[in-house]
Amino acid sequence: GGMLFKADYVGGKTHGSGDFVLPCGLYDHWGSDFVMRLTMGDVVDYFVPRIPLVARKFTLCDMLTSNTRHLWAPQEAGPFVQPQYFTQLDYVLGGSAADVP
């Protein structure tokens, strides 16, 4: 269903194909106690919210709407590491810099 932007995660989106994204705020009650699995073909990556330098913890919505609020691991149990973030374009969310797993 195309590229997703911050507003799509915050407000939700339905694509003509039937794919959809629910508003991420619906899951704020999870706090930061979750692991997100992302599967692309044969590649499976796992993400958790990065621990911020402030008193509150990042939620799923915080993580999905940022390019610097996640940690990555190749397996669900971790260890989770902070990748070199891709920050050159504000609308590119998540992920890592070029040539970083």
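Heads up: the structure comes first, above all this text.
Computed from a predicted model, the values in this text were never measured in an experiment.

A.B. asks: Let's hear about the state of the cysteines: which residues, and what values?
C.D. replies: Scanning the entire structure with this criterion turns up 1 disulfide. Through a disulfide, Cys 24 is tied to Cys 61; the S-S separation comes to 1.8 Å. What sets the handedness of the Cys 24 and Cys 61 disulfide is the S-S torsion sign, and at about 40° it is right-handed. Of the two residues, Cys 24 sits in the loop between strand E2 (20-21) and strand E3 (36-40) while Cys 61 sits in helix H2 (residues 60-64), which places them 37 residues apart along the sequence. Accessibility classification places Cys 24 together with Cys 61 in one group, the buried group.

A.B. asks: Provide a residue-level description of the environment of Val 92, including the pertinent values.
C.D. replies: Residue position: Val 92 is located in the segment after strand E5 (70-73). On the accessibility criterion, Val 92 (23% relative accessible area) is partly exposed. Put simply, Val 92 and Phe 5 are 87 residues apart on the chain and 7.7 Å apart in space, counted from C-alpha to C-alpha. Beyond its immediate sequence surroundings of up to four residues, Val 92 is in contact with Asn 67 and Phe 86.

How each quantity is defined
- Residues numbered from 1 in each chain as written.
- Predicted model: local features only at pLDDT ≥ 70, side-chain atom pairs only at ≥ 80, totals over all residues.
- Heavy atoms only, no water.
- Disulfide = S-S within 2.5 Å.
- Helix = DSSP H or I, 4+ residues; strand = E, 2+ residues; numbered from the N terminus.
- Buried < 20%, exposed > 50% of the residue type's maximum accessible area, 1.4 Å probe, protein only.
- Contact = heavy atoms within 4.5 Å.

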